[in-house]
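Single-letter residue listing:
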Amino acid sequence: MTGNDRIRTDIAHNARVWNYWLGGKDNYLVDRRVGDQVTGLYPSIGQVARADRAFLGRVVSFLAGEAGVRQFLDIGTGLPTVDNTHEVAQRIAPDSRIVYVDNDPIVLTHARALLTSTAEGRTEYIDADAHRPEDILRAVEPTLDLSQPVAVIMLGILNFVLDTGEATSIVRRIVDAIPSGSYVALTHPTLELGGEGNAEAMAFWNENATPPITARSRTEFAGFLDGLMVLEPGIVSCARWRDGGATTVEVAQFGAVARKL
């Protein structure tokens, strides 16, 4: 079965709806309809999508710049848009090596757009499921050298792993496989931070779109980072992570970056 054979246009899908909220064109009518319905139930969802994307840019800029990271593992990358991980990283450090991971069929059909790189660096795409971290870790080599520091980026992906114990185990297995000096960047939706109204929108999503989603509390989110050194400013709304005080809006999406000691 090819990637195109697996694409369903009769039900909304997260990657395409997210693309719609970001102003992209890689979506179908069903995605736009569900996206508009979710926006009606939770009007700030577009702000969440944009804040999550801006968080990615700030995080990768920090990691490739101040932190000196040259290897990036972006799990659950979604559809390509402006300032993807490899573009931000290689703009700062042209020798950066990036592996994208997703198992969404429409993302697979757009993989060529991701597979660009500077001459000094490298960019690869892996069709793999975040529920199977061992498969991901086997597939990243030789693009990434797991004996050297890696920045693992998992933005808005653990919310599709409905069991918190399983989600925590996924993060732990990946962290165990990377060396000291590596980093983990996470975002996750919450019903805290003013996001109480998102409960109805999530219920609608789970009835009308795929894959199903869950919110988590600050305590549950913090559990993903147990044993790691969480960098300042800690666990905050992703819109306010090292934003230089420029952001007045607090979206209901936790964001944090942590270092493995």
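No experiment lies behind these values; they were computed from the predicted model shown.

Visitor: When you look at the pairing of strand β2 (residues 71-75) in this model, what are you seeing that I'm missing?
Guide: Sheet faces and side chains relate simply in a regular strand, where the side chains alternate between the two faces. A large share of β2 lies buried, amounting to five of its five residues. Of the two faces of β2, the one holding Gln71, Leu73 and Ile75 and the one holding Phe72 and Asp74 are both buried throughout. As paired strands, β2 and strand β3 (residues 97-102) are joined by five bridges and run parallel to one another. Along β3, the bridge assignment pairs aspartate 74 with tyrosine 100. On the question of chirality, the crossover connecting β2 to the parallel β3 by way of helix α5 (residues 85-92) is right-handed. Bridge count for β2 against strand β5 (residues 151-155) is three bridges, and the pairing is parallel. Residue pairing for β5: phenylalanine 72 is matched across the bridge by alanine 151.

Visitor: Please clarify how helix α3 (residues 29-41) should be interpreted in this entry.
Guide: Every α-helix winds through 3.6 residues per turn, so residues three or four apart in the chain are directed the same way. Over its 13 residues, α3 extends 19 Å from the first C-alpha to the last, a length consistent with the 18 Å expected when each residue adds 1.5 Å. Listed in full, the buried residues belonging to α3 are Val30, Asp31, Val34, Gly35 and Val38. Looking straight down α3, one finds its buried side chains confined to an arc of 130°; they lie on one side. Opposite the buried face of α3, by more than 90 degrees, sit the exposed residues Arg33 and Gly40. Contacts from the buried residues of α3 go to β1 (12-13), α2 (14-21), α4 (45-64), α10 (198-208) and β7 (209-210).

Visitor: What's the story with the nonpolar core in this structure? I'm lost.
Guide: Taken as a class, soluble globular proteins show a tendency for nonpolar side chains to be buried jointly. Residues Phe72, Leu73, Ile75, Val152 and Met154 are the most contacted members of the largest nonpolar core, which totals 87 residues. Looking at this core, the element that brings in the most residues is α4, giving 11 residues. Not counting the four nearest positions on each side in its chain, valine 152 is found in contact with Leu73, Ile75, Ile174, Ile178, Tyr183, Val184 and Ala185.

The rules behind these values
Residues numbered from 1 in each chain as written. Predicted model: local features only at pLDDT ≥ 70, side-chain atom pairs only at ≥ 80, totals over all residues. Heavy atoms only, no water. Buried < 20%, exposed > 50% of the residue type's maximum accessible area, 1.4 Å probe, protein only. Helix = DSSP H or I, 4+ residues; strand = E, 2+ residues; numbered from the N terminus. Pairing = 2+ DSSP bridges. Right-handed = clockwise from strand over helix to strand, strands pointing away. Expected span 1.5 Å × (residues − 1). Arc of directions from axis to C-beta. Contact = heavy atoms within 4.5 Å. Core = buried A, V, L, I, M, F, W, Y, C linked by side-chain atoms within 4.5 Å.

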